[in-house]
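Next come the chains, spelled out residue by residue.
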Amino acid sequence: SSGASNISPLTLRIVAECPVTKARACDLVLPHCTVNTPVFMPVGTQGTLKGITVDQLESLGCQICLGNTYHLGMRPGPELIEKANGLHGFMKWKNNLLTDSGGFQMVSLVELSEVTEEGVKFKSPYDGKEILLSPEKSISIQNSLGSDIMMQLDDVVSSTVTGPRVEEAMHRSIRWLDRCIAANKNPDKQNLFAIIQGGLNAELRKICLEEMTQRDVPGFAIGGLSGGEEKDDFWRMVTLSTDHLPREKPRYLMGVGYAVDLVVCVALGCDMFDCVFPTRTARFGSALVPWGSLQVKQKQYAKDFQPIDPDCQCPTCKRHSRAYLHALFKTDTAAMHHVTVHNIAYQLTLMRSVRQSIVEGRFPEFIRTFMKRMFPSSEQYPGWAVDALASVNITLD
Amino acid sequence: MKLELSRVVQGGCRLGVLKGLGRSGQHSLEVPGCLLYTRCGTVPHLTQDTLHTLTNLPSVTQLTLSTIAEHQEVLEDFKDGFRKFAGLHDTVLYCSLHDPVTPCPAGHITNKTVSVWGSGGRIELTVAKFMALQRTVRPDWYQSMADGETWQSNTSRKRVRKSVDRTLAHLDECLLVHHKTQELQGVAVFGVVEGGDILEERVRSAKETAKRPVAGFCLDGLQTGSMDQALRIQLIAAVTKELPEGKPRLLQGVGRPDEVLACVEAGVDLFESFFPFQVTERGCALCFNFDITPDPERAVLEADEERDTAGETHENGELNLDDQMTSFEINLKDKRYQDDFRPLVEGCGCYCCRNHQRAYLHHLLVTNELLAGVLLMLHNTAHYLAFFGALREALAQDTLDLLKKKVLKEKCGQTKSKE
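Residues numbered from 1 in each chain as written. Chains lettered and ligands numbered in written order. Predicted model: local features only at pLDDT ≥ 70, side-chain atom pairs only at ≥ 80, totals over all residues. Heavy atoms only, no water.

Where an unreviewed UniProt entry is consulted, chain B appears under the name Queuine tRNA-ribosyltransferase accessory subunit 2, with the organism given as Myripristis murdjan. Its UniProt record gives chain B the following Sequence similarities (unreviewed entry) comment, quoted word for word: "Belongs to the queuine tRNA-ribosyltransferase family. QTRT2 subfamily." Per UniProt, the comment on chain B under Subunit (unreviewed entry) is "Heterodimer of a catalytic subunit QTRT1 and an accessory subunit QTRT2." (UniProt positions renumbered as here; feature names shortened; annotations may be inferred.)

In the nomenclature of an unreviewed UniProt entry, chain A corresponds to Queuine tRNA-ribosyltransferase catalytic subunit 1 from the organism Myripristis murdjan. In UniProt, chain A has this text filed under Cofactor (unreviewed entry): "Zn(2+)". UniProt annotates chain A under Subunit (unreviewed entry) with the comment "Heterodimer of a catalytic subunit QTRT1 and an accessory subunit QTRT2."

Dropping the structure here:
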């Protein structure tokens, strides 16, 4: 079988498991460095985290971030990036990179895309030419990008869609997974993750889990969620998926990044998360804090001389006040960069705290404290979160 | 502040150090030199972390009332001055009236007021309000209020005379208030020399301003685009003749390397450093050569560079009026940089050149990524500051002519490719 004698490009070491919930703290050893999980992965769509240098990102303790195959495949294209020594060489990022397959953008960004067994056909927004993104093509681009973790091309269907299309997409995703595995030129350097589909249908999910876990892939993503479905359905699919995924392989929940969602889904057994939300919302002046968020552009902060979060150790909070950022937003782009740095720091610090609490055996206590800080009163705890946590033995007061 | 000159060329350039800057008098600034251009206290695109990857930053940070006046109330509530408000630590603050990058709409000046434009619109300033702003901003040094609206072509002689008279009146009033204001003790005031494009008015303004107890002089109304280079030089030379040798001269609104060289020769000591920002905003990178160290190996490498870059930049004077790109820069959006894996400038020690390549910058610009502005601002600032370093070195070594030839490419022109 494959990988018989060489060192695997991925090793998962389980450092601690929460005795109450399904949470784990792990060391995910990847080619560029070890990633401590649970981990939040910032998204650097076009080979850059918007407005932030790689040095700044590294200083914040980021061990892995995302690049988008669709965007980079279009501009500047895989050949150029290969010439530049892969995406790492092109953007000069020393730590790990995860690339998605381009499937999601196909459906969300591109008009008139047509899905067939071959792949996804669409018209290039830049020159109008017809392009086919097949499993082979997606893996080929990702091989050129040289990411440490690559995602299979899946047949993406919105989580609000029901009916036979969901089943068709689930089965096709399995077939496409096999084609992706076959197409991977660098199995000794690049890890290919499968993506569990099946929409909000428990039976379909189970079939998908059953099938995909039979493939020898180093990790699994839970896909097809975080797309506008009811949270009550969302968490049930997450926990169903982690119930049927192997313990000794990482679980990546795609598109999740809100603080409450992260904490709950860690409790449900997920290890890795990504989301554009924290960095995107920063550019609109929304700073993430343990009690929610702060819209720094609002008038009320014009004379607020505290930092965004007095307890935060990020470069922005150590030097600047809400009032200064408020003023700066009227004048210069650097205001966005300050808040982006803070929001990334917030996300990474949150995950670090989560991990530490799991390692020290006090994750349930952490959850309770976190929720108390985030919501003014227990009446305001989101119902789905209460239910989800109850399902893993956590009762919130 | 005290200007210590080590070299003075008869009727022309000076080399020295401006000492005793800042409240504690501990900072100094080499001249000829430039100030660090900021918008509301921030170097455009840069957080303090990215800014401080640059070495040899000027010790003086320029603030403009254009970007600060609208925050007067906030600063008054803050009570602790702009430096603390902006999180600027160890730097000397110089407060100017206008932002050199954004031209002011004309026609709003009166006998008693000038206006600045903030993000919310026009803010009218009397001397009283101007001085109240200085009191709350608490700079280490500022220019007095001035009427410099003489840059339009066909400004009448009468209008020019008014700008001189008003500016002198504003200066006198500013100084009166200054001496009565506790918070401004120890703060330096620069008088502003006006006079449009009329020689007699320029001389009159210089003579009169020099009579006042100011720490130095701003030369206003001479900004790039207001008149042709030859006239500017003539006027500056006439003005500096009337100014005391021991006080610094700051020229506003001029930043192009060729103009800087010419103005230094006419007796200017200080410039604003907004030019790197303008270059950044048009997606370009400064790349003009100012290295005149004699080194045969370098000469060969440079000949190769010349060959490679022939056709990349415009000839001097041949400005692309569409985006005002100069011959001192390359346009990284150009397709030719798509697979150019060299740094922006070989041998440049800035963060951008140490870590990134032209191809990456090209990609960032084509995809409209914010990081392009950050990286270009770092490089352009570093390159510009290094140019000033080379200028000072050339004055010290008496090799200014060589530097001029190199920067203005009089000798090299465009070498033909051997192919």
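**Q** Any chance you could break down the interface of chain A and chain B for me, citing the residues and the numbers?
**A** Much of the literature gives interface size as the accessible area that the parts lose upon coming together. Facing 40 residues of chain A, the contacting portion of chain B comprises 44 residues. At the boundary of chain A and chain B, one finds four salt bridges. In this structure, the salt-bridge partner of B:Glu369 is A:Lys50, at a minimum N-O distance of 2.8 Å. Applying the counting rule to chain A against chain B returns 15 residue pairs in polar contact (both at pLDDT 80 or more). Contributions of two or more residues to the side of chain A that touches chain B are made by helix H1 (54-59), helix H3 (78-83), helix H4 (86-91), helix H12 (315-319), helix H13 (322-328) and helix H14 (334-359) of chain A. (Contact = heavy atoms within 4.5 Å. Salt bridge = Lys/Arg side-chain N within 4 Å of Asp/Glu carboxyl O. Polar contact = N/O pair within 3.5 Å; in protein donor to acceptor, adjacent residues only side chain to side chain. Helix = DSSP H or I, 4+ residues; strand = E, 2+ residues; numbered from the N terminus.)

**Q** Account for the UniProt feature "binding site: Zn(2+)" (unreviewed entry) in chain A, with residues named and values stated.
**A** Residues and elements named next belong to chain A. The feature "binding site: Zn(2+)" (unreviewed entry), as given by UniProt, occupies Cys312, Cys314, Cys317 and His342 in the numbering adopted here. These annotated residues cover 31 residues of sequence, and their C-alpha atoms all fall within 8.3 Å of one another, placing them together at a single site. One can find Cys317 in helix H12. The residues touching Cys317, leaving out its near neighbours within four places in the chain, are Pro307, Ile308, Asp309, Cys312 and His342.

**Q** Explain the side chain of B:His383 to me, and be specific about the residues and the numbers.
**A** Looking at where B:His383 falls in the secondary structure, it is placed in helix H14 (residues 370-397). Those residues in contact with B:His383, other than ones at most four positions away along the chain, are B:Leu286, B:Cys287, B:Phe288, B:Phe290 and B:Val345.

**Q** For the environment of A:Asp397, give the residues involved together with the corresponding values.
**A** All names here are of chain A. One can find Asp397 in the segment after helix H16 (383-391). As a C-alpha pair, Asp397 and Ser378 span 19 residues in sequence and 6.8 Å in three-dimensional space. In contact with Asp397, other than residues within four places in its own chain, are Arg368, Lys372, Ser378 and Tyr381.

**Q** I'd love a proper account of the domain arrangement of chain A, names of residues and values included.
**A** Residue and element names in this part refer to chain A. The domains assigned to chain A are domain 1 (11-277) and domain 2 (282-376). Both sides of the domain 1 and domain 2 interface together cover about 2,400 Å² of buried area, and 80% of this is carbon and sulfur. Between the two partners, domain 1 and domain 2, sit one salt bridge. Measuring nitrogen to oxygen at the nearest pair gives 2.8 Å for the salt bridge that ties Asp27 to Arg355. Here domain 1 and domain 2 share five residue pairs in polar contact (both at pLDDT 80 or more) between them. For the side of domain 1 that touches domain 2, the elements supplying multiple residues, two or more each, are strand S1 (11-17), strand S2 (24-29), strand S3 (34-37), strand S4 (39-41), H1 and helix H10 (259-267). Considering every element that reaches the side of domain 1 that touches domain 2, the biggest residue donor is H10, with six residues. For the side of domain 1 that touches domain 2, a count of residues per class yields 24 nonpolar, seven polar and three charged. (Domains from an automatic or database assignment. Buried area = accessible area lost by both parts, 1.4 Å probe. Nonpolar A, V, L, I, M, F, W, Y, C, P; charged D, E, K, R; others polar.)

**Q** I'd like a rundown of the packing of helix H8 (residues 229-242) of chain B against helix H9 (residues 257-265) of chain B, residues and numbers included.
**A** In helix packing, the relevant descriptors are the interaxial angle and the interaxial distance, both defined with respect to the helix axes. Residues and elements named next belong to chain B. Here H8 crosses H9 at 30 degrees, and the two axes come no closer than 9 Å. Overall, the two elements H8 and H9 adopt an arrangement that is roughly parallel. Here the hand of the crossing between H8 and H9 comes out right-handed. Residue-level inspection shows Gln229, Arg232, Ile233 and Ile236 of H8 in contact with H9, the latter providing Asp258, Glu259, Ala262 and Cys263. (Axes fitted to C-alpha atoms, helices over the stretch in contact; angles between N-to-C directions. Parallel < 35°, antiparallel > 145°, perpendicular 65-115°, else oblique. Left-handed = near helix turned anticlockwise from the far one by under 90°.)

**Q** Any details on the UniProt feature "binding site: Zn(2+)" (unreviewed entry) in chain B? Residues and values, ideally.
**A** Residues and elements named next belong to chain B. Listed under "binding site: Zn(2+)" (unreviewed entry) in the UniProt record, and renumbered for this structure, are Cys348, Cys350, Cys353 and His379. A maximum C-alpha distance of 8.2 Å is found for the annotated residues, which run over 32 residues; spatially they form one tight group. Along the chain, the position of Cys348 falls in the loop between strand S16 (329-331) and helix H12 (351-355). Residue Cys348 is classed as buried on the basis of its relative accessible area, which comes to 17%. Its place among the elements puts His379 in helix H14. (Buried < 20%, exposed > 50% of the residue type's maximum accessible area, 1.4 Å probe, protein only.)

**Q** Can you explain the sheet that holds strand S10 (residues 141-143) of chain B? Please cite residues and give values.
**A** Residues and elements named next belong to chain B. Spatial ordering of the open sheet is given by S4-S14-S13-S12-S11-S10-S7-S6-S5, a layout of nine strands whose pairing is parallel. The open sheet is flanked by strand S4 (33-34) and strand S5 (36-37), the only strands paired with a single partner. In terms of strand pairing, strand S11 (residues 188-193) meets strand S12 (residues 216-219) through four bridges, oriented parallel. Residue pairing across strands places Phe190 opposite Gly216, the latter belonging to S12. Strands S11 and S12 of the sheet are contacted by helix H7 (residues 199-211), whose axis makes an angle of about 160 degrees with S11. (Pairing = 2+ DSSP bridges.)

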